[in-house]
Amino acid sequence: MDNPQKPLKEYTQANRLAWNQAMPHHQKANGSKWDDAFSKPGFIAITGVELEQLKSLSVSGKNVAHLCCNNGVELMSLKNMGAGRCVGFDISDAAIEEASARASKFAISCEFTQSDVYDIPEQYNDAFDIVYVSIGCFGWLPDLKQFSRKAASLLGDCGVIFIHEQHPFTEMLPTDDIEDADPLKIIEPYFRPEPYEESDGIDYVGNTTYESKTNYWFVWTLSDIFMGLIESGMRIAHFSEYPADISTIHRRNQEAGVKIPLSYILIAERP
Ligand SMILES: C[S@@+](CC[C@H](N)C(=O)[O-])C[C@H]1O[C@@H](n2cnc3c(N)ncnc32)[C@H](O)[C@@H]1O
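The model shown is predicted, which means the values in this text are computed figures rather than measured ones.

Calculation notes
- Residues numbered from 1 in each chain as written.
- Predicted model: local features only at pLDDT ≥ 70, side-chain atom pairs only at ≥ 80, totals over all residues.
- Heavy atoms only, no water.
- Buried < 20%, exposed > 50% of the residue type's maximum accessible area, 1.4 Å probe, protein only.
- Helix = DSSP H or I, 4+ residues; strand = E, 2+ residues; numbered from the N terminus.
- Pairing = 2+ DSSP bridges.
- Right-handed = clockwise from strand over helix to strand, strands pointing away.
- Near = heavy atom within 4 Å.
- Polar contact = N/O pair within 3.5 Å; in protein donor to acceptor, adjacent residues only side chain to side chain.
- Areas by Shrake-Rupley, 256 points an atom, 1.4 Å probe, with all protein chains shown as cover.
- Nonpolar A, V, L, I, M, F, W, Y, C, P; charged D, E, K, R; others polar.
- Contact = heavy atoms within 4.5 Å.
- Axes fitted to C-alpha atoms, helices over the stretch in contact; angles between N-to-C directions.
- Parallel < 35°, antiparallel > 145°, perpendicular 65-115°, else oblique.
- Left-handed = near helix turned anticlockwise from the far one by under 90°.

A.B. asks: Teacher, can you tell me more about the pairing of strand β4 (residues 128-134) here?
C.D. replies: As a general feature of sheets, a regular strand has side chains that alternate between the two faces. With respect to burial, β4 is a largely interior element, six of its seven residues being buried. Looking at chain direction, strand β1 (residues 64-67) and β4 are connected through three bridges and run parallel. Its bridge partner lying in β4, H66 is registered against Y132. Bridge count for β4 against strand β5 (residues 155-166) is six bridges, and the pairing is parallel. The partner of S134 across the bridge, within β5, is H164. In this region the chain leaves β4, passes through helix α6 (residues 144-153) and returns to the parallel neighbour β5; the handedness of that crossover is right-handed.

What follows is the structure, given as structure tokens:
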């Protein structure tokens, strides 16, 4: 799974263009939702088990890097929870533009930087206590081992990587748009070395479809995720699985009457 068929950059640059194209669709669907939310001082967009687990890390005063930060609402929430230096990285210029504009509008002190995660400059090495990854990041990445090494390199001593992600089990099940499929029937492989190549849009916010730039989605197994971290020198400190769909495209699986793993939280520590 570490040798995608095209050079890594071809995948990540294609995904960059696709995300730049997707952001106006998300912004249209969200309307003033996030501006209204952050106009209330101290607003926190993070909820439920993720919020509980983050509280167990005592975010207050900690420096946080958010990888694949999109429009920055989670990182701004961590800042509102008392985090120290907060830096968000995302490959999409449009996502970084939205995040920076909102942080500045509400004077929430977060830095947002346009960067492929694989290219985050060395100046950020050892600079963070928490590397934060939340919902829908891993699938866009062509090389998880390289990602894990990069994430680990950003941490100072005793730093942690916090991951709240869509469970790899979901990759085998039909997404909600395949309406006539049995939501509990396995229709895709768990082991899939080549990425899915898609071009029907990534508007999971407004649920519109449009002819989009070609983008690539990679399937990672639990062993890929664990071994990437372990081989980067990290120690798995926590792993919990949940029957909640956090992707918003697996609602039918969640409501099928049988509890199956749809999301997870993983915390890895730098010893
Ligand atoms: C689903 S969003 C992320 C999460 C956010 N929590 C959300 O729910 O909207 C995925 C983000 O990953 C970013 N991304 C994809 N590939 C990337 C890469 N190679 N480096 C940095 N960011 C990347 C995309 O631009 C997009 O903003």
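Picking up after the structure, the text goes on.
A.B. asks: Would you explain the site of the ligand in this entry?
C.D. replies: Near the ligand you find 17 residues, and of these N70, E74, D90, V117 and S134 are the closest. For the ligand, an oxygen atom lies 2.8 Å from a polar atom in the side chain of N70. A distance of 2.9 Å separates a nitrogen atom of the ligand from a polar backbone atom of V117. Here the ligand has 580 Å² of accessible area as a free molecule, and 93% of this is covered by the chains. A per-class count over the shell around the ligand returns eight nonpolar, six polar and three charged.

A.B. asks: What's the story with the side chain of H66 in this structure? I'm lost.
C.D. replies: Relative to the helices and strands, H66 resides in strand β1. Those residues within four positions of H66 in sequence are excluded, and the remaining contacts are E74, L75, V87, G88, F89, Y132 and S134.

A.B. asks: Would you mind showing me how to read the packing of α6 against helix α7 (residues 222-231) here?
C.D. replies: To characterise two packed helices, one gives the angle between the axes of the helices and the distance between these axes. At a minimum axis distance of 8 Å, the contact between α6 and α7 shows a crossing angle of 45 degrees. Our classification of the angle between α6 and α7 gives oblique. In this structure, the crossing between α6 and α7 has a hand that is right-handed. Across the interface between the two elements, L144, K145 and S148 from α6 touch D224, I225, G228, L229 and E231 from α7.

A.B. asks: Just checking my understanding: could you explain the environment of F191 for this structure?
C.D. replies: On the secondary structure map, F191 appears in the loop between β5 and β6 (196-198). In this structure, the C-alpha to C-alpha distance between F191 and P168, residues 23 residues apart in sequence, is 9.9 Å.

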